[in-house]
Amino acid sequence: MKPRSSGIAATAAAVVVLAGAATACNRGSDSTSTAGGKPAIGIDLPRADSDFWNSYAQFVKQGASAQGLNTLPVSNSQNDVTKLVANVQVFQNTGAKAVVMAPQDTGAIASALDQLSGRKIPVVSVDTRPDKGNVYMVVRADNRAYGTKACEFLGKQLGGKGKVAELQGALSSVNGRDRSEAFAVCMKERFPDIQVIELATEWKGDVASAKLQSTLAANADLGGIYLQAGGVFLQPTIALLQQKGLLKPAGQPGHIAIVSNDGIPQEFDAIRKGDIDATVSQPADLYAKYALFYAQAGAEGKTFQPGPTDHQSTIIQLPNGLEDQLPAPLVTKDNVDDKSLWGNSVGK
């Protein structure tokens, strides 16, 4: 994974600057909405119970400070769409010219998006793609690829036979659906002799641990586990396996192969120890970087077109907006020390 450049490439239809400034409704003071000549940006963090999202929050703070952006007080909706809607209302009332959010329930945010669209306030959705409602830009990686990569890795580790437990994210979220559907399709087509035990968790670590405990009790021959979110599932999974005497290092008899999603430092440490085998690194640093970039661009009235960018991604057209699909590499013991991976630099 190579370092990315800081700008957006001129695509076949490069960035088009619209005449005049954005016409977002300003119900706050002029000093708040355009402090230092820069439009105000409202940022809502989705939760504080995940190492991944806490790392993202760090990168947002660092990026906003480094770029000298005019940000309103950052809110946290704590995985509650009702709080997210309320936080968005505060942003509107205090003069936001653009909003960054990461709705965890992608089907329940449509009305808030429609309200923002009606006020001509562009929305950047991070990591999740709203099912309905206009968005200016979705900053996200290909979540179907996460499920496929996890399937391919576990399938090879198990030699195409055995049982795998899948700790699914919330199926009300496009990410949970994409990862689960892609994993299921890949297993059915490529590894039909592997039995997949699907465990719905709603992205909750305690639910995942309880369901995995029951699964282990009923399936002593479990050979693999897929964690759809390492930031939520890694610690309880490792703790449970350790408690049951099932945490065997990779390469030793009895090792349960584990592939995760997120790319947090704790996953990298677990790979180095042999506790887990791999993870797909969601680019938390790039999520923050380009969320802020697009929010600023949207507030300034700029637009983008589908096509390749200069940061190894592709902007695609959605029914309700655009999506910049950022790269997310598979991390194993072979590349876990790669310094370009954000999990090796966060907090340093």
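As the structure is a computational prediction, the values presented were derived from the model and not from experiment.

The rules we used
- Residues numbered from 1 in each chain as written.
- Predicted model: local features only at pLDDT ≥ 70, side-chain atom pairs only at ≥ 80, totals over all residues.
- Heavy atoms only, no water.
- Helix = DSSP H or I, 4+ residues; strand = E, 2+ residues; numbered from the N terminus.
- Buried < 20%, exposed > 50% of the residue type's maximum accessible area, 1.4 Å probe, protein only.
- Contact = heavy atoms within 4.5 Å.
- Areas by Shrake-Rupley, 256 points an atom, 1.4 Å probe, with all protein chains shown as cover.
- Pairing = 2+ DSSP bridges.
- Disulfide = S-S within 2.5 Å.
- Core = buried A, V, L, I, M, F, W, Y, C linked by side-chain atoms within 4.5 Å.
- Salt bridge = Lys/Arg side-chain N within 4 Å of Asp/Glu carboxyl O.
- Expected span 1.5 Å × (residues − 1).
- Polar contact = N/O pair within 3.5 Å; in protein donor to acceptor, adjacent residues only side chain to side chain.
- Axes fitted to C-alpha atoms, helices over the stretch in contact; angles between N-to-C directions.
- Parallel < 35°, antiparallel > 145°, perpendicular 65-115°, else oblique.
- Left-handed = near helix turned anticlockwise from the far one by under 90°.
- Nonpolar A, V, L, I, M, F, W, Y, C, P; charged D, E, K, R; others polar.
- Arc of directions from axis to C-beta.

Broken down by element type, the chain carries ten helices and 17 strands. By residue count, 54% of the 348 residues in the chain fall in the buried class. If you take every contact in the chain between residues at least 6 apart in sequence, the share linking residues at least 24 apart comes to 73%. For the chain, the exposed surface amounts to about 14200 Å²; the carbon and sulfur share of it is 51%.

Strand order across the open sheet formed by six strands is 9-8-10-11-12-17, with mixed pairing between neighbours. The outermost strands of the open sheet, each flanked by one partner alone, are strand 9 (194-200) and strand 17 (330-331). Bridge count between strand 8 (residues 162-168) and strand 10 (residues 222-227): five bridges; the pairing is parallel. In the strand pairing of strand 10, K163 is matched with L222.

Before going further, it helps to examine the environment of L69. The residue L69 is located in the loop between helix 2 (51-67) and strand 3 (70-71) in this model. Each C-alpha atom, one on L69 and one on A40, is 7.9 Å from the other, the two residues being 29 residues apart in sequence. Excluding residues within four positions of it along the chain, L69 makes contact with K38, I41, A64, L292 and Q296.

Let us now look at the state of the cysteines. A full pass over the atoms with the stated rule returns one disulfide. A sulfur-sulfur separation of 2.1 Å characterises the disulfide bridge that pairs C151 with C186. Here C151 and C186 share a disulfide; its torsion about the S-S bond, -80 degrees, makes the bridge left-handed. Placement of the pair is C151 in helix 5 (residues 143-157) and C186 in helix 6 (residues 174-190), with a sequence separation of 35 residues.

With that settled, the discussion passes to the nonpolar core. If you look at the biggest cluster of nonpolar residues, it comprises 55 residues, and the most contacted ones within it are Y56, V100, V124, V126, Y287 and Y294. With eleven residues, the single largest contributor to this core is helix 10 (residues 284-299). Residues A170, W203, A208 and I256 belong to the second largest nonpolar core, which totals 29 residues.

Once that is clear, we can look at the pattern of salt bridges. Under the definition given, this model contains eleven salt bridges. Here R177 makes a salt bridge to D131, at a shortest N to O gap of 3.0 Å. You can see R177 sitting in helix 6 and its partner D131 sitting in the loop between strand 6 (123-126) and strand 7 (137-141), a full 46 residues away along the chain. According to the relative accessible area criterion, D131 is partly exposed, its value standing at 37%. A salt bridge links E181 to R144; the nearest nitrogen and oxygen atoms lie 3.1 Å apart. Here E181, found in helix 6, pairs with R144, found in helix 5; they are 37 residues apart in sequence, far enough to count as distant.

So, on to helix 5. For helix 5, built from 15 residues, the straight-helix expectation of 21 Å at 1.5 Å per residue is met to within 8% by its first-to-last C-alpha distance of 21 Å. Of the residues making up helix 5, those classed as buried are N143, Y146, G147, A150, C151, F153, L154 and G155. Where helix 5 starts, the residue carrying a side-chain oxygen 3.1 Å from the main-chain nitrogen of R144 turns out to be D142. Remark: G159 follows helix 5 within two positions and exhibits a positive phi of approximately 65 degrees.

On to the pairing of strand 16 (residues 321-326), then. A large share of strand 16 lies buried, amounting to five of its six residues. Pairing of strand 7 with strand 16 involves four bridges; the strand directions are parallel. In the sheet register, R140 faces strand 16, and the bridge partner there is Q325.

Interhelical geometry of helix 2 versus helix 10 gives an angle of 40 degrees and a closest axis separation of 8 Å. Between helix 2 and helix 10, the crossing angle belongs to the class labelled oblique. The two elements helix 2 and helix 10 cross, and the hand of that crossing is right-handed. In this structure, helix 2 contributes F52, Y56, F59, V60, G63, A64 and Q67 to the contact, and helix 10 contributes A284, D285, Y287, A288, A291 and L292. A breakdown of the residues in the contact of helix 2 with helix 10 according to their chemical character gives ten nonpolar, two polar and one charged.

Those residues of helix 4 (residues 110-118) not exposed but buried are A110, A112, L113 and L116. For helix 4, the arc enclosing every buried residue in end-on projection is 160 degrees, short of the 170-degree limit, so these residues lie on one face. Across helix 4 from its buried face, at more than 90 degrees, point the exposed residues S111 and G118. Looking at the buried side of helix 4, the elements it contacts are helix 3 (81-93), strand 5 (98-101) and strand 6. A positive phi of about 60 degrees marks K120, the residue just after helix 4.

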